[in-house]
Amino acid sequence: MINVFRKIKLPLLILFLLLNINTLSCKVVFWGQDLGKLNKDFVTTCYFYRDSTADSPSIKIDYMIGETYSIPEFTNADYILLEKPGFIVSGWGLKDASQLNENFQVDASGNIQSFKVTYKSYEFVPTGWSSYKDTEYKIEHYKQNLDGKTYTLADTDNCRGETGQNAVVYEHSYTGFTIKPYTTEPIAENGSTVIRVYYDRNIYKILYKYQTDVPMEKEYQCMYEEEFPIFTEVSPLEDFKFDFWGVYNTHTNSYDDFIFPSVVTEDVTLTAQYIAIFTLKFNLNGGTTTTVFDDTETDGSGNTVGIFKGTNKDALKPIATPVKTNMTFQYWTKDGERTAFPATFTEDAEYTAHYELNTQTVGGFTVTFPAAGTGVTEDDSSYLIWDSQGTNYTFSVDKEYDTYIWSINGIVLSSGNESSYEVPDFAALGPGSYEIMAVCYDSAGKAYVYIQNFKITKDTDLGGGI
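All figures in this text were calculated on a predicted structure; none of them were measured in a lab.

## Quick look at the overall build of the protein
Phase 1: Per the secondary structure count, the protein includes 4 helices and 33 strands.
Phase 2: Put simply, the protein has 466 residues, and 36% of those count as buried.
Phase 3: When the accessible area of the protein is evaluated, it comes to approximately 26700 Å², of which 49% is carbon and sulfur surface.

Encoded structure:
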């Protein structure tokens, strides 16, 4: 830098001081020149060194002569230039202490606070150093992968702290993860410190409880977000069917149907829920059907008995109407009572098919019965039934009453406690249409009426006819 005293003669300097030119904004034409263009010659360069050694790095700052300046506030970037990153100067003094005079303002500790710039170039050196309280460092957070061995960076925290002090770690909270033990370290002065923190996946227990001859369990140990294990090897139980895996509901004291998630997120205990299997048997009573049963058997009379098994969640399959030679199917009974089928399986039960004769040739006469359903009863719980007995017919009511009054076409034939009536000789009746009626009374005197129509024709083989 060029010294202003070597370029400007003393008279000129005196004139300059008299004019009190202090700023660049003052434009005074001197000897035909703009002093604003000459201000570059009225500055002094000062140096701020790291220490007093000869090769100490420094920061160079130009100051206007005649101005008073405070000691500058340096940043960590400036201290990097001084090759002292992570620390700050606690005070400044002069490298040449003999230069200290009235142009310098010092504090009680002797540290320079401000100075007035003269033609001299000042060299400042630190009176002491302290740790920089704003040094950068990083915390990297790593989450464990599903392979259980490697980790993936999840987050990075850019932090600041005091050089030389242990880095403060701000722990994160991740659902399904647990932080591993870690160590910290002093913050490096150059901001290179990196603390790595690792988080392991939680291990959860998936427990299946089920029943064989004895209670059984199947346990899985799974990491968080691992695919949810499905246990399917549930042994069947006699008369019971596996229904669903249930999770216990403490509010209802029952088991709710568990909805399986795709991945594991918590401990789960599942208990197998079973449902009763019921057996329904259908005795075809000498007939046949196109229905395909789960299984079949025969009764003591050689009749086919179809078998269905199911639970109360299974719908009963439709059963095709049984057919029997020379007869028309009428209804099914259970325990002797006419009944309809349930919609589902709710109990073990056996049903028996009942039929009406269509036509029958007896003693040269053909007896014809109309289509099913002509029997009449007040409560519709029992029908008039008939059985062929050699050369005649027996009509019966399949419900018990105190008194039965039998009549044909209004003529009373018998009265008493007999629930059946045998027509001994169709020839005596002759060809024609007939109505046989049973009027039945229970113990309370209530009447129940059962009617069956039939027709008698002369066998055409005998040349007869109506």
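Still more ground to cover, so stick around.
## Some points on the pattern of salt bridges
Phase 1: Summed over all chains, the structure comprises 10 salt bridges.
Phase 2: Here D51 ties to R50 by a salt bridge, and the two come within 3.1 Å at their closest N and O atoms.
Phase 3: Given a relative accessible area of 23%, R50 falls into the partly exposed group.
Phase 4: Taking the shortest distance from any N to any O, the salt bridge between K281 and E297 comes out at 3.0 Å. On the criterion of sequence distance, the pair formed by K281 in strand β19 (residues 278–283) and E297 in strand β20 (residues 295–298) is long-range, its members being 16 residues apart.
Phase 5: Assessed through its relative accessible area of 33%, E297 is described here as partly exposed.
Phase 6: Where salt bridges share partners, they join R50, D51 and E83 into one cluster.

## With respect to unusual backbone geometry
A negative phi holds for most residues other than glycine; trans holds for most peptide bonds.
Phase 1: In the Ramachandran plot, E225 falls in the positive-phi region, its phi being about 75° despite a non-glycine side chain.
Phase 2: Take E225: it is sitting in the loop between β15 (215–223) and β16 (240–249).
Phase 3: Phi angles above zero are rare outside glycine, and N409 is one such case at about 50°.
Phase 4: With respect to the helices, strands and loops of the structure, N409 is situated in the loop between β29 (403–408) and β30 (411–416).
Phase 5: Assessed through its relative accessible area of 43%, N409 is described here as partly exposed.

## Here we look at the packing of aromatic side chains
Phase 1: Under the criterion given, the structure shown has 44 aromatic pairs.
Phase 2: What links up through ring pairs into an aromatic cluster is the set F48, Y63, Y69, F74, Y79, W92, F104, F115, Y122, F124 and W129.
Phase 3: The cationic tip of K95 hangs over the ring face of Y49; the distance from NZ or CZ to the ring centre is 4.7 Å.
Phase 4: It is K218 that lies over the ring of Y220; its NZ or CZ is 5.4 Å from the centre.

## A closer look at the nonpolar core
Phase 1: Core analysis: the largest hydrophobic core is formed by 26 residues, its most contacted members being I206, Y208, F228 and W245.
Phase 2: At the level of secondary structure, the elements contributing two or more residues to this core comprise β10 (135–144), β13 (194–201), β14 (203–211) and β18 (268–276).
Phase 3: Considering each element in turn, this core owes the most residues, 4 residues, to β14.
Phase 4: Excluding anything up to four places from it in sequence, Y208 contacts M216, E217, K218, Y220, F228, P229, I230, F231, W245, F260 and L270.

## Quick word on the confidence of the model for the protein
Phase 1: Residues of the protein with pLDDT of at least 70 account for 81%, and the chain-wide mean is 82.
Phase 2: Confidence drops under pLDDT 50 across residues 372–382; counting only partners more than four residues distant or on other chains, this segment forms 33 contacts.
Phase 3: For residues 460–466, every residue scores under 50 in pLDDT, and the model assigns this stretch 8 contacts once sequence neighbours within four places are set aside.

## Description of the sheet that holds strand β5 (residues 68–70)
Phase 1: With antiparallel pairing, 3 strands are arranged side by side in an open sheet as β5-β8-β7. Both outer strands of the open sheet, β5 and β7 (104–106), are each paired with one neighbouring strand and no more. The sheet shows a mean angle of 15° between the axes of neighbouring strands, taken without regard to direction.
Phase 2: Relative to strand β8 (residues 112–116), β5 is paired through 3 bridges, and the arrangement is antiparallel.

## Let's talk about the sheet that holds β15
Phase 1: Taking strand neighbours across the sheet as the criterion, the 5 strands line up as β15-β14-β18-β16-β17 in an open arrangement whose pairing is mixed. In this open sheet, the two edge strands, each paired with only one partner strand, are β15 and β17 (254–257). Pairwise comparison of adjacent strand axes, ignoring direction, gives a mean angle of 40° for this sheet.
Phase 2: Pairing between β16 and β17: 4 bridges, direction antiparallel. Residue G246 lies in a different strand from β17, and its bridge partner there is D257.

## With respect to the side chain of T289
Phase 1: Note that T289 resides in the loop between β19 and β20.
Phase 2: At 3.3 Å, the side chain of T289 and the backbone nitrogen of T291 are in polar contact.
Phase 3: A distance of 2.9 Å separates a polar side-chain atom of T289 from the backbone oxygen of A320.
Phase 4: Excluding residues within four positions of it along the chain, T289 makes contact with L284, A320, T321 and P322.

## Digging into the pairing of β10
Phase 1: Where burial is concerned, most of β10 is hidden: 7 out of the 10 residues are buried.
Phase 2: The pairing of β10 with strand β11 (residues 151–161) spans 10 bridges and is classified as antiparallel. When the sheet's bridge partners are listed, Q144 is paired in β11 with Y151.
Phase 3: Across 6 bridges, β10 lies against β13 in parallel orientation. Bridging across to β13, H141 finds its partner in V197.

## A few points about the side chain of N111
Phase 1: You can see N111 is positioned in the loop between β7 and β8.
Phase 2: For N111, the residues in contact, after removing those within four places along its chain, are S90, G91, W92, Q105, V106 and T127.

## Brief notes about the environment of I206
Phase 1: In this fold, I206 is placed in strand β14.
Phase 2: The sequence separation of I206 and V264 amounts to 58 residues, and the corresponding C-alpha distance is 8.4 Å.

Rules of the game
- Residues numbered from 1 in each chain as written.
- Predicted model: local features only at pLDDT ≥ 70, side-chain atom pairs only at ≥ 80, totals over all residues.
- Heavy atoms only, no water.
- Helix = DSSP H or I, 4+ residues; strand = E, 2+ residues; numbered from the N terminus.
- Buried < 20%, exposed > 50% of the residue type's maximum accessible area, 1.4 Å probe, protein only.
- Areas by Shrake-Rupley, 256 points an atom, 1.4 Å probe, with all protein chains shown as cover.
- Salt bridge = Lys/Arg side-chain N within 4 Å of Asp/Glu carboxyl O.
- Phe/Tyr/Trp six-rings, centres within 6.5 Å; stacked < 30°, edge-to-face > 60°.
- Lys NZ or Arg CZ within 6 Å of the ring centre and 35° of its normal.
- Core = buried A, V, L, I, M, F, W, Y, C linked by side-chain atoms within 4.5 Å.
- Contact = heavy atoms within 4.5 Å.
- pLDDT = per-residue confidence, 0-100.
- Pairing = 2+ DSSP bridges.
- Axes fitted to C-alpha atoms, helices over the stretch in contact; angles between N-to-C directions.
- Polar contact = N/O pair within 3.5 Å; in protein donor to acceptor, adjacent residues only side chain to side chain.

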